[in-house]
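# Structural features, examined
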Amino acid sequence: MRKRLIPLIALLMILAVVAVAYSVAISLESTDIDQLGATGKVDVYCPTSGTTCQINKVKWVLTTNPPYMVDKVKVLWTPRNSDQSTSYTVYVELYDSTAQNLKASGSATQNGSDQQVETQVDVSPDADPYDVYYVRIVIVQN
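Summary of the structure given here. (Residues numbered from 1 in each chain as written. Predicted model: local features only at pLDDT ≥ 70, side-chain atom pairs only at ≥ 80, totals over all residues. Heavy atoms only, no water.)

### Remarks on the nonpolar core
Counting 16 residues, the largest nonpolar core has V73, W77, V92, L94 and V123 as its most contacted members. Those elements that provide at least two residues to this core are β2 (70-77), β3 (87-95), β4 (102-111) and β5 (117-127). In this structure V123 touches V70, D71, K72, V73, V92, L94, A104, S105 and G106, once residues within four positions along its chain are discounted. (Core = buried A, V, L, I, M, F, W, Y, C linked by side-chain atoms within 4.5 Å. Buried < 20%, exposed > 50% of the residue type's maximum accessible area, 1.4 Å probe, protein only. Helix = DSSP H or I, 4+ residues; strand = E, 2+ residues; numbered from the N terminus. Contact = heavy atoms within 4.5 Å.)

This is the structure we're talking about:
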């Protein structure tokens, strides 16, 4: 009986030493972790003027030669801030009939104004009008 226990005890001791060695070898310092923080919940205001986040109109610009494709999108809107030194980036996304597949996208920069502006956004790749079912406009104050 003792002869059977000796190899078992030796094996258990080896496993214990290996487990301790691995637990000691794995360490992590605070300086090894990228910094992370967050604000509390803060109100987000739409960059367009008025009480609702509104785009006044979207217009399509097609290529000049057949096959005619959507080349640019004109977004008519009024910035919230009229200061010319304030800039915005207007993003346009064009989607297919499932609203899942992005067909084209682009962005353009626009300065603040106290009047309605027309921001022309080049989209890439040019999109077949047959495939465009949904448009998404995102405006970000820079």
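Next, the rest of the story.
### Focus: the pairing of β3
Most of β3 is tucked away: 8 of the 9 residues are buried. The pairing of β3 with β4 spans 9 bridges and is antiparallel. Its bridge partner being in β4, T89 is matched across the sheet by T109. The hairpin formed by β3 and β4 contains 6 residues between the paired strands, and A99 there has a positive phi angle of roughly 65 degrees. Pairing of β3 with strand β6 (residues 134-141), which is carried by 8 bridges, proceeds in the antiparallel orientation. In the sheet register, V92 faces β6, and the bridge partner there is I137. (Pairing = 2+ DSSP bridges.)

### Examining the pattern of salt bridges
For the coordinates displayed, the defined rule picks out 4 salt bridges. Its salt-bridge partner being D71, residue K72 comes within 2.7 Å of it at the nearest N-O pair. Residues K72 and D71 agree in their burial class; the two are buried. Residue K72 pairs with D122 through a salt bridge whose shortest N-O separation is 3.3 Å. Separated by 50 residues along the polypeptide, K72 in strand β2 and D122 in strand β5 bring together distant segments of the chain. Here D122 falls in the partly exposed class, since its relative accessible area comes to 45%. One continuous salt-bridge network, built from bridges that share partners, spans D71, K72 and D122. (Salt bridge = Lys/Arg side-chain N within 4 Å of Asp/Glu carboxyl O.)

### Brief notes about the environment of L62
By the element assignment, L62 lies in strand β1 (residues 57-62). Note: C-alpha distance between L62 and D126 (64 residues apart in sequence) is 8.7 Å. What L62 contacts, discounting residues up to four positions off in sequence, is Y68, M69, V70, D71 and P129.

### Quick look at unusual backbone geometry
Cis geometry marks the peptide bond from P66 to P67, where omega comes out at -10 degrees. Position of P67 relative to the elements: it lies in the loop between β1 and β2. For the bond running from S124 to P125, omega is -10 degrees, close enough to zero to count as cis. Relative to the elements of secondary structure, P125 occurs in strand β5.

### Brief notes about a nonpolar patch on the surface
Taken together, the side chains of L8, L11, L12 and L15 make up a nonpolar region of the molecular surface, amounting to roughly 380 Å² of accessible area. Mapping L11 onto the fold places it in helix α1 (residues 2-25). (Patch = residues over 30% accessible without salt bridge, like charges linked within 9 Å, V, L, I, M, F, W, Y side chains within 5 Å. Areas by Shrake-Rupley, 256 points an atom, 1.4 Å probe, with all protein chains shown as cover.)

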